[in-house]
Amino acid sequence: METTKFHEYNLSRFMMGTVQFGVNYGIANISGKPSYESVVKILEHAAANGVTCLDTAAAYGDSEKVIGRALREAGLAGKITVVTKTPHLAEGLNPAEADRAVQEAVESSLKNLQLEFLPLYLFHKETNSAYIDSVRKMKQKGLVKHIGISVNSPEWALKAIRSGDFEAIQLPTNILDHRYIKAKVFKEAKRANIALFVRSVYLQGLLFLPENKILPEHKPVIEVRRRLEQIARDSGLTLTELAARFVMSLEGVYCLVMGLETIEQLQDNLKLFEQGLLGSAVMDKIMKAVPLLPDIVLMPWLWPKAFHAPPQKPKT
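In this report, we go over the structure that sits alongside the text. (Residues numbered from 1 in each chain as written. Predicted model: local features only at pLDDT ≥ 70, side-chain atom pairs only at ≥ 80, totals over all residues. Heavy atoms only, no water.)

**Quick notes on the sheet that holds strand β4 (residues 53-55)**
Stated precisely, the cut-off is as follows: Strands pair, by our definition, only if DSSP identifies at least two bridges between them. Labels follow the DSSP assignment, with helices taken as runs of H or I lasting at least four residues and strands as runs of E lasting at least two, numbered in each case from the N terminus. Angles run from 0 to 180 degrees between N-to-C directions of axes, and those axes are lines fitted to C-alpha atoms, restricted for helices to the stretch in contact. Contacts are assigned to residue pairs with any non-hydrogen atoms lying within 4.5 Å of each other.
A barrel is described by the order of its strands in space; here eight strands give the closed sequence β3-β4-β5-β6-β7-β8-β9-β10, paired in parallel fashion. On average, each strand axis in the sheet is inclined to that of its neighbour by 30°, with strand direction left out of account. As defined by bridge partners, strand β9 (residues 195-199) adjoins strand β10 (residues 253-259) across three bridges and the pair is classed as parallel. Paired with leucine 196 across the strands is valine 253, a residue of β10. The strands that helix α5 (residues 132-140) touches are β6 (118-123) and β7 (144-150); relative to β7, the one it contacts most, it runs at about 155°.

**Examining the packing of aromatic side chains**
Note on aromatic pairs: each is described by the distance of the centres and the angle between the planes. How we decide: Two rings from Phe, Tyr or Trp (for Trp, the six-membered ring) form a pair when their centres are within 6.5 Å of each other. A pair whose planes differ by under 30 degrees is stacked, one over 60 is edge-to-face, and the rest are tilted. Only protein chains enter the accessibility calculation, which uses a 1.4 Å probe. A residue is then buried if its area is under 20% of the maximum for its type, exposed if over 50%, and partly exposed in between.
With the rule as written, the count across this model stands at five aromatic pairs. Taking 5.2 Å as the distance between ring centres and 20° as the angle between the ring planes, the aromatic pair formed by phenylalanine 14 and phenylalanine 273 counts as stacked. Taken together, the residues phenylalanine 14 in strand β3 (residues 14-17) and phenylalanine 273 in the loop between α11 (263-272) and α12 (280-289) connect sequence positions 259 residues apart. Measuring from ring centre to ring centre gives 6.2 Å for phenylalanine 123 and phenylalanine 166, while their planes differ by 85°; the resulting arrangement is edge-to-face. Taken together, the residues phenylalanine 123 in strand β6 and phenylalanine 166 in the loop between α6 (154-163) and β8 (168-172) connect sequence positions 43 residues apart. Note on phenylalanine 123: relative accessible area 1%, which makes it buried. Under the relative-accessibility criterion, phenylalanine 166 is labelled buried at 7%.

**Examining helix α10 (residues 239-248)**
Of all ten residues in α10, nine are buried; the element is thus mostly enclosed. For α10, the complete set of buried residues consists of Leu239, Glu241, Leu242, Ala243, Ala244, Arg245, Phe246, Val247 and Met248.

**Some points on the pattern of salt bridges**
For the record, the criterion: Think of a salt bridge as a Lys or Arg side-chain nitrogen and an Asp or Glu carboxyl oxygen that are within 4 Å of each other.
Evaluated as defined, the whole model comprises 15 salt bridges. For glutamate 73, the salt bridge identified is with arginine 72, shortest N-O distance 3.8 Å. Residue classification places glutamate 73 among the partly exposed positions, given a relative accessible area of 45%. Where aspartate 177 meets arginine 179, a salt bridge forms, and the shortest distance between an N and an O atom there is 2.8 Å. Across the pair, arginine 179 and aspartate 177 agree in class, each one buried.

As structure tokens, this is what we get:
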């Protein structure tokens, strides 16, 4: 597994997304939240195959607790770099209130993850970045090593880059969503030496949803997806391979954050990272094939709740 240097850490190109370890998540998730024993096996297999980092958050149910226990019991503590995020903090806190809220949040994550310090701590809510000074105090105390932010718009990504406050930015980009590319976020982040972690590589599974399951609001995806499927066939690839390698090939990308809930999905993801980057001709074809799609397609938080929720496992 190829790695990229981020300060003192060697981050694998595949950063394992773990929201599914704490909650049922994703429209393509048909197996639900994995058991604790399954999580241990997934982490062991990932580490054995060169995965050196994972992404979690205080808001992901009990994901932090599950990961902390599993890494310790599997003997992997310190061998996998954990990236976690702040809870959604209240707005409008004064400096003293912000300091208390951030310290409580950091101490909670440290306890859950069974760590002495957080290697990389991201603001999960963009507006909470107003509390950057409070997180810097945690860094001064040695409880946080590096500070980043998770963003939901190109405007916020550019603001974060230009602020000089952050060492890493997590953002959504995929073969259907070129907003950040066209806004030159990737170019600016590379110039500023800011690490980019890309999530939503498959647009939470919408890229692969059967046409008869696609909502009327998402109909524009169908024709675009057909064009992409043709590009994949012409290139001797599956749509999955084309989509993942497209994101891998963007400049400035350190890691792809890809969620999973089974060891089989992990194995499939590992194979993708063995295939390398796409050539410039294929990248150009993809860029030309994809128009700017409506926000209701590109922004999952705008999707109807019933569609957004994954199927539940049947009770036994």
